[in-house]
Amino acid sequence: MSGVGALGSVEPAFDRFAADVFMKLITSRHNPRVKQAAALRSRKAREASQRTLVYGPRETLRAIEAGARLVEAFVCPPLLRGADSAAAATALRDSGVEVLETSVEVFEKLAYGDRLDGVVSIATTPRRPLEHLLDSHAVGQRPLVAVIEGVEKPGNLGAVLRSADGAGFDAVVVADPVIDLFGPNVIRASTGAVFKPNIAVASSEAAVAWLATLRVPLYATRPDADEEYTAADFSAGCAVILGAESTGLTDVWRREAVRAIGLPMRGVADSLNLSATAAVLFYEAQRQRNEAQR
């Protein structure tokens, strides 16, 4: 098949499976399948079709591993490199999803900016109601939970989800989201962690009610907090609540059960970037939990 012979520098695993996986070679940028896929850059098109774009072999692999349902994938063999490409090839083959081979020119129309790493897939947008966390048993004893309210930047949301995953948080609630949770930029910034089943979407009021059932301390990050984050006890389970950089948390979180904490700022800035703040707090929670278990 045309294009498959250009795999000389790709991992042997991809070379071995290529002939079995690729079903059609697309060389026209005007191909209807390509145009439909490219249209998913628009949130309106994603919401209408309940589908989203997943850029990259690593993100595609993690989406599959998390149980996401892929509809199709576009692969450009000359652009494939490294272990992630080989692993994605294996996962795509085993999942049975239709894989369409493209020329470099066609792939450029689908790719994110200048990120030409050879794989773009399309996934059905998962539904993530708050009840999903209960059904999946994601939250057990002494849970570490993150709540992210009203975040307006895809890169920030994705980075927070990535940090929560890295620090081993049990669940993440995206409260009153302003942006599309499964937008391509969130998927990319989270390196696919957004597809994990321990993430839910809810209103802030519903999140407050749900957290009350967990009976864990609630810590809300605020620039004007009198208490530093190091004084908080995260070791026995807790919820860490973060708001948008521009507006902070809403008054829903100003209640007796919620303690305000902050990071010390020694310079002219009054706060850190949201994703940086989240990473500090999440890993402090994990550090305290590890210390308590020794």
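This text goes with the structure placed above it.
Residues numbered from 1 in each chain as written. Predicted model: local features only at pLDDT ≥ 70, side-chain atom pairs only at ≥ 80, totals over all residues. Heavy atoms only, no water.

Novice: Describe the overall build of the protein chain, naming the residues involved and giving the relevant values.
Specialist: Within the protein chain, the regular secondary structure consists of 11 helices and 12 strands. Seen through its C-alpha atoms, the protein chain measures out along the principal axes to roughly 65 × 45 × 45 Å. Going through the 294 residues of the protein chain one by one, you find that 50% of them count as buried. A separation threshold of at least 6 residues defines the contact pool for the protein chain, and within that pool the share at least 24 residues apart is 83%. (Helix = DSSP H or I, 4+ residues; strand = E, 2+ residues; numbered from the N terminus. Buried < 20%, exposed > 50% of the residue type's maximum accessible area, 1.4 Å probe, protein only. Contact = heavy atoms within 4.5 Å.)

Novice: Lay out the sheet that holds strand β11 (residues 238-243) with the relevant residues and their values.
Specialist: Within a beta sheet, neighbouring strands are joined by backbone hydrogen bonds and run either parallel or antiparallel to one another. Pairing within the open sheet is parallel, and its seven strands lie in the order β8-β7-β6-β11-β9-β12-β10. Either end of the sheet is taken by a strand with one partner, and the two such strands are β8 (199-202) and β10 (227-228). As paired strands, strand β7 (residues 171-175) and β8 are joined by four bridges and run parallel to one another. Residue V173 lies in a different strand from β8, and its bridge partner there is A200. This element, helix α11 (residues 274-293), spans β6 (144-149), β9 (218-221), β11 and β12 (258-262) of the sheet and lies at about 170° to β11. (Pairing = 2+ DSSP bridges. Axes fitted to C-alpha atoms, helices over the stretch in contact; angles between N-to-C directions.)

Novice: I'd love a proper account of helix α2 (residues 32-39), names of residues and values included.
Specialist: Regarding α2, the residues found buried are V34, A37 and A38. On an axial view of α2, the arc spanned by its buried residues comes to 100°, and they lie on one face. Residues of α2 that are exposed and angled more than 90 degrees away from the buried face: P32 and Q36. The opening residue of α2, the one whose side-chain oxygen lies 2.8 Å from the backbone nitrogen of R33, is N31. (Arc of directions from axis to C-beta. Polar contact = N/O pair within 3.5 Å; in protein donor to acceptor, adjacent residues only side chain to side chain.)

Novice: For the pairing of β11, give the residues involved together with the corresponding values.
Specialist: For β11, the tally of buried residues reaches six of six residues, placing the bulk of the element in the interior. The side-chain alternation of β11 yields two buried faces, one formed by C238, V240 and L242 and the other by A239, I241 and G243. Across six bridges, β6 lies against β11 in parallel orientation. In the sheet register, A146 faces β11, and the bridge partner there is V240.

Novice: Which residues make up the nonpolar core, and what are the values?
Specialist: In terms of nonpolar packing, the biggest core is built from 46 residues, with L157, L161, F169, F195 and F282 touching the most fellow members. Those elements that place two or more of their residues in this core are β3 (70-75), β5 (119-124), β6, α8 (154-166), β7, α9 (184-189), β11 and α11. If sequence neighbours within four positions are ignored, F282 has contacts with A146, V160, S163, A164, A167, F169, V240 and L242. Listed in part, the 23 residues of the second largest apolar core include V145, A175, A239 and V258. (Core = buried A, V, L, I, M, F, W, Y, C linked by side-chain atoms within 4.5 Å.)

Novice: Describe in detail the packing of aromatic side chains, supporting the description with residues and values.
Specialist: Enumeration according to the criterion identifies four aromatic pairs in this entry. Ring geometry for Y55 and Y112: centres 5.4 Å apart, planes at 55°, overall tilted. Of this pair, Y55 sits in strand β2 (residues 51-55) while Y112 is found in the loop between α6 (104-110) and β5, placing the two residues 57 residues apart along the sequence. Residue Y55 is classed as buried on the basis of its relative accessible area, which comes to 5%. (Phe/Tyr/Trp six-rings, centres within 6.5 Å; stacked < 30°, edge-to-face > 60°.)

Novice: Give me the pairing of β6: which residues, what numbers.
Specialist: Every other side chain in a regular strand lies on the same face of the sheet, so the side chains alternate between the two faces. Judged by how many residues are buried, β6 sits mostly within the fold: six of six residues are covered. Residue alternation in β6 divides its side chains into two sets, L144, A146 and I148 and V145, V147 and E149, and both sets are buried. In terms of strand pairing, β6 meets β7 through five bridges, oriented parallel. Among the inter-strand pairings, V145 is bridged to a residue of β7, identified as A171.

Novice: Go over the side chain of E284, please, and point to the residues and values.
Specialist: Tracing the chain through its elements places E284 in helix α11. Only 2.8 Å separates the side chain of E284 from the side chain of Q288, close enough to count as a polar contact.

Novice: Outline the packing of α8 against α11, listing residues and values.
Specialist: In contact at an axis separation of 9 Å, α8 and α11 are set at 10° when each is read in the N-to-C sense. Between α8 and α11, the interaxial angle falls into the category roughly parallel. Contacts between α8 and α11 involve N156, A159, V160, S163, A164 and G166 from the first element and L274, S275, A278, A279, F282 and Y283 from the second. In terms of residue class, the contact of α8 with α11 is made up of eight nonpolar, four polar and no charged. (Parallel < 35°, antiparallel > 145°, perpendicular 65-115°, else oblique. Nonpolar A, V, L, I, M, F, W, Y, C, P; charged D, E, K, R; others polar.)

Novice: Describe the pattern of salt bridges, listing the residues and the values that go with them.
Specialist: Side chains carrying opposite charge are able to pair once their charged atoms draw close together. This structure, assessed with the given rule, holds 12 salt bridges. We note a salt bridge from K196 to D165, for which the minimum N-O separation is 2.7 Å. Here K196, found in the loop between α9 and β8, pairs with D165, found in helix α8; they are 31 residues apart in sequence, far enough to count as distant. Taking relative accessible area as the criterion, K196 reaches 31% and is therefore assigned partly exposed. A relative accessible area of 36% means that D165 is categorised as partly exposed. (Salt bridge = Lys/Arg side-chain N within 4 Å of Asp/Glu carboxyl O.)

Nothing here speaks to function; it is geometry throughout.
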